[in-house]
Amino acid sequence: MKTIDLKTEFCVVGGGLAGLCAAVAAARHGTKTVLVHDRPVLGGNASSEIRVPVQGAYGSWDRSVRETGIVEEIMLETLYRNPGANWQMWDLAMHGIAKQEPNLTLLLNCSCTEASASDGRVHSLRAWQSTTQTWYEVSAQTFADCSGDSILSSFAGAEMREGREAASEFDEPIAPEQASSTKMGMSIVFIWRDMGSPQRFMPPTWIHAYHNNEEAPKHMDQINLEPISGSNGFFVELGGEDDTIHDSEEIKEALLKMGLGLIDHYKNHGEHNAETLTLEWFGFLPGKRESLRYVGDYMLRQSDVQKPNEFEDIVAYGGWPIDDHDSKGSLRKGKYSHDWFEVNCPYGIPFRSLYSKNVDNLMMAGRNISATHVALCTTRVMATCAVMGQAIGTAAALAARENCTPREVGRNHIQELQAMLQADDCWLPGIARDIPELSAQAALTVSSGDAESLRNGHDREYEDDNQTNAWQAGQGSWAEYRFDSKQKLSQTRMIFDSHLKRKWANMPLWYPRDGWDTKPEPTLVRAYRIMIETDSGEWAEVACEKENFQRLVRLPLDIETKAVRLIVDETWGDETVNVFAWEVC
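First, a word on scope: everything that follows refers to the structure included in this document. For clarity, every value in this text was computed on a predicted model and none was experimentally measured. (Residues numbered from 1 in each chain as written. Predicted model: local features only at pLDDT ≥ 70, side-chain atom pairs only at ≥ 80, totals over all residues. Heavy atoms only, no water.)

## Some thoughts on the overall build of the protein
(1) Moving on: Across its full length, the protein carries 11 helices and 24 strands.
(2) Moving on: Taking 585 residues into account, the globule formula puts the C-alpha radius of gyration at 25 Å, and the protein, at 25 Å, falls close to it.
(3) Moving on: Here the protein holds 585 residues, and 58% of them are scored as buried.
(4) Moving on: Contacts in the protein between residues at least 24 apart in sequence constitute 77% of all its contacts with a sequence separation of at least 6.
(5) Moving on: As displayed, the protein offers around 23800 Å² of accessible surface, 46% of which is attributable to carbon and sulfur atoms.
(6) Moving on: Of the side-chain charges in the protein, 56 are positive and 85 negative, and the distance between the mean point of each set is 2 Å. (Helix = DSSP H or I, 4+ residues; strand = E, 2+ residues; numbered from the N terminus. Rg over C-alpha atoms; globule rule 2.2 N^0.38 Å. Buried < 20%, exposed > 50% of the residue type's maximum accessible area, 1.4 Å probe, protein only. Contact = heavy atoms within 4.5 Å. Areas by Shrake-Rupley, 256 points an atom, 1.4 Å probe, with all protein chains shown as cover. Lys, Arg positive; Asp, Glu negative; His and termini not counted. Charge placed at Lys NZ, Arg CZ, Asp CG, Glu CD.)

## Side note on the pairing of strand E2 (residues 33-36)
Each regular strand displays side chains that alternate between the two surfaces of the sheet.
(1) Moving on: Residues Thr33 and Leu35 line one face of E2 and the alternating positions Val34 and Val36 line the opposite face, and both faces are buried.
(2) Moving on: Strand direction decides the pairing type here: E2 and strand E3 (residues 104-107), joined by 4 bridges, are parallel. Its bridge partner being in E3, Leu35 is matched across the sheet by Leu106. (Pairing = 2+ DSSP bridges.)

## Description of the nonpolar core
(1) Moving on: Residues Phe351 and Trp582 are the most contacted members of the largest nonpolar core, which totals 119 residues.
(2) Moving on: In terms of residues, this core owes the most to one element, helix H8 (residues 382-402), which gives 12 residues.
(3) Moving on: Sequence-distant contacts of Trp582, that is, excluding residues within four places in its chain, are made with Leu454, Ala479, Glu480, Tyr481, Thr492, Arg493, Met494, Ile530, Val564, Arg565 and Leu566.
(4) Moving on: In terms of nonpolar packing, the next biggest core, distinct from the first, is built from 24 residues, Ile188, Phe234, Leu262 and Ile263 among them. (Core = buried A, V, L, I, M, F, W, Y, C linked by side-chain atoms within 4.5 Å.)

## Topic: the packing of H8 against helix H10 (residues 414-423)
(1) Moving on: Contact geometry for H8 and H10: axes closest at 10 Å, N-to-C directions at 125°. What the angle tells us is that H8 and H10 run oblique. Read as a crossing pair, H8 and H10 show a hand that is right-handed. Mapping the contact onto sequence places Gln390, Ala391, Thr394, Ala395, Leu398 and Arg401 in H8 and Glu416, Leu417, Met420 and Leu421 in H10.
(2) Moving on: Split by residue class, the contact of H8 with H10 holds 6 nonpolar, 2 polar and 2 charged. (Axes fitted to C-alpha atoms, helices over the stretch in contact; angles between N-to-C directions. Parallel < 35°, antiparallel > 145°, perpendicular 65-115°, else oblique. Left-handed = near helix turned anticlockwise from the far one by under 90°. Nonpolar A, V, L, I, M, F, W, Y, C, P; charged D, E, K, R; others polar.)

## Describing the state of the cysteines
(1) Moving on: Under the defined criterion, the tally for this structure stands at 0 disulfides.
(2) Moving on: Cys11 takes part in no disulfide bond, and the closest cysteine sulfur, belonging to Cys112, lies 7.8 Å away. (Disulfide = S-S within 2.5 Å.)

## What about the side chain of Lys252?
(1) Moving on: Within the secondary structure, Lys252 is located in helix H5 (residues 248-268).
(2) Moving on: Contact partners of Lys252, with chain neighbours within four places excluded, come to Ile188, Phe284 and Pro286.

## Things to note about the packing of helix H1 (residues 17-28) against helix H2 (residues 70-81)
(1) Moving on: At their nearest, the axes of H1 and H2 sit 10 Å apart, and the two run at 105° to each other. Regarding the angle of H1 to H2, the classification is roughly perpendicular. Taking contact as the criterion, the partners of Leu17, Leu20, Cys21, Val24, Ala25 and Arg28 in H1 are, on H2, Ile70, Val71, Glu73 and Ile74.
(2) Moving on: In terms of residue class, the contact of H1 with H2 is built from 8 nonpolar, no polar and 2 charged.

## Regarding the pattern of salt bridges
(1) Moving on: One pass over the structure, following the stated rule, counts 46 salt bridges.
(2) Moving on: Salt-bridge contacts for Asp535 lead to Lys486; the nearest nitrogen and oxygen are separated by 2.8 Å. Taken together, the residues Asp535 in the loop between strand E21 (525-533) and strand E22 (539-545) and Lys486 in strand E20 (residues 478-496) connect sequence positions 49 residues apart.
(3) Moving on: Looking at Lys486, the relative accessible area reads 38%, which means it is partly exposed.
(4) Moving on: Through salt bridges with shared partners, one network takes in Arg161, Glu165, Glu169, Glu290 and Arg293. (Salt bridge = Lys/Arg side-chain N within 4 Å of Asp/Glu carboxyl O.)

## Observations regarding H8
Owing to its 3.6 residues per turn, the α-helix aligns residues three or four sequence positions apart on the same side.
(1) Moving on: Look at H8: 30 Å from first C-alpha to last across 21 residues, which is about the 30 Å you get at 1.5 Å a residue.
(2) Moving on: The element H8 is extensively covered by neighbouring structure, given that 19 of its 21 residues are classed as buried.
(3) Moving on: A positive backbone phi angle near 55° is found at Asn403, which sits one or two residues after H8. (Expected span 1.5 Å × (residues − 1).)

## Side note on H10
(1) Moving on: Burial in H10 covers these residues: Ile414, Leu417, Gln418, Met420, Leu421 and Gln422.
(2) Moving on: Residues of H10 that are buried make contact with strand E13 (314-318), H8, helix H9 (406-412) and E20.
(3) Moving on: Positive phi shows up at Asp425, right after H10, with a value of about 70°.

## Observations regarding the environment of Asp434
(1) Moving on: Secondary-structure assignment places Asp434 in the loop between H10 and helix H11 (437-441).
(2) Moving on: In this structure, the C-alpha to C-alpha distance between Asp434 and Glu177, residues 257 residues apart in sequence, is 46 Å.

## A few points about unusual backbone geometry
(1) Moving on: With an omega of 10°, the peptide bond running from Cys345 to Pro346 counts as cis.
(2) Moving on: The topology assignment puts Pro346 in the loop between strand E15 (338-341) and strand E16 (347-350).
(3) Moving on: Backbone geometry places Gln133, a non-glycine residue, at a positive phi of 50°.
(4) Moving on: Tracing the sequence through the fold places Gln133 in the loop between strand E5 (121-129) and strand E6 (134-145).
(5) Moving on: Phi at His499 is positive, roughly 60°, even though this residue is not glycine.
(6) Moving on: Checked against the element boundaries, His499 lands in the loop between E20 and E21.

## What about the packing of aromatic side chains?
(1) Moving on: The tally for this structure, following the rule as stated, stands at 16 aromatic pairs.
(2) Moving on: Seen in terms of ring centroids, Phe190 and Phe234 are 5.4 Å apart; in terms of plane orientation they differ by 15°. Their pairing is stacked. On the criterion of sequence distance, the pair formed by Phe190 in strand E8 (residues 186-194) and Phe234 in strand E9 (residues 233-238) is long-range, its members being 44 residues apart. Accessibility classification places Phe190 together with Phe234 in one group, the buried group.
(3) Moving on: Between the aromatic rings of Trp320 and Trp340, the centroid separation amounts to 5.5 Å while the plane-to-plane angle is 50°, which identifies the pairing as tilted. Of this pair, Trp320 sits in the loop between E13 and strand E14 (322-325) while Trp340 is found in strand E15, placing the two residues 20 residues apart along the sequence.
(4) Moving on: Given a relative accessible area of 12%, Trp320 falls into the buried group.
(5) Moving on: Seen from the ring of Trp135, Arg126 lies directly overhead, with NZ or CZ sitting 3.9 Å from the centre.
(6) Moving on: Across from the ring centre of Trp478, 3.8 Å away, lies the NZ or CZ of Arg565, which sits over that ring. (Phe/Tyr/Trp six-rings, centres within 6.5 Å; stacked < 30°, edge-to-face > 60°. Lys NZ or Arg CZ within 6 Å of the ring centre and 35° of its normal.)

What follows is the structure, given as structure tokens:
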């Protein structure tokens, strides 16, 4: 068979949101990166193959704690380019953000089969691309395992965890008294569509038959498809008492039998308000919640996620509840298959939990980070995984530049790592972003409103007092930096208002009969101009955008001037303009 050797600086295994954000972040910071993913589409559980809506710290909807950075960029891209809320267009948004990076080599349909490691380091991996019948040998300075199932762990001899820890080990009151190997299970999503007229369902002969409510596993008696309170999707869950890696195919078959059996139950046995419903879609690739977890220099635990950030090496945050799914899944007796416990939203995630304790050049992001089972129950949701991914990708770029290990990045360059993440619009709760000295010392004026929020280092609403914390003005308004003398400007950076309290995830599991008409948030700035004052005292345009749909905008500049202006000409609908940050350097 054909073999291709690739030598790179950073290799990521696994192209879910964590791995995708890691690879893109590293590539954007100039690091040669290879992303190895075993599926034809990116996104993992968020992809069209599994269709789990992306959740994160913003689950309460009335908080401005939504994750930003690369994951928000992908969200806003699909709101702009996917008016019909088509799942394949969501796949395309993730695919495009990877393909547009010249420093990123994307290997899809490519499964890691082995790795070479010695002396506490991974040296290379071997991967098989089924579509081209080609072997890839990838050697790198730093590796990241974002595969979920920790495929590199056994090859590298990494210290690992599995199952539920006993409550006494990490002083976790909600953990079980005795440790066990049980985990949260796997799920398949089933999606209805209301056709408006009676629809048949002819069940396969091999699925389970549930002739009455008593026989059926946990389910709703009546299907509710109301747009506000209902959903046209449901999931079934199994496998928490099995091996969620090696028994995956058997668990999948059991999920299909159960889920299709429930479809048959709804359609053909009893009155369930399902007469006009048809089975729109279901997956053959289950979504997985838990398998193996790496041990890092620090293990995140229950007490960490139930208090405000106290980590000096914070590089990400979470805020989803401790959402602990019973190992019995849909076979659990009672109303719900999972238990919820409150967390502090947001809580910090330290960099020490994102690299291996005993493999020097191996990082991880996603559901396999260094955390107890209890902490995993909140960190595992995909928006949280995405910001962890961006953190390790940025760390990999630092490691490549400084020729050091991830641990050395954490010990010697953590403030620089945090500053890089903040510049890339990754919020780190409790840490103010440093403003470029040129902008901090300039005279800042605006045509109307309060200017100082543009350079206060907090690029979103304040949580405590519900302050907007933005320059608020009308369309056509301007903000101006004026310097004591002519200055060389190389870049401008803006943060616009993408409405972090919006209730839209990445994709819906509710389909109105007339379809969706998604579009950018009305709060976003659509059209703006950058103007400079010339030597003659007149204003000249140096940059213009009429179709912006992103929150973070950075533009290169190569000019000298005594004054520069941002003029906001139009939003996507709101009369009031909100700009959280604007600076030049």
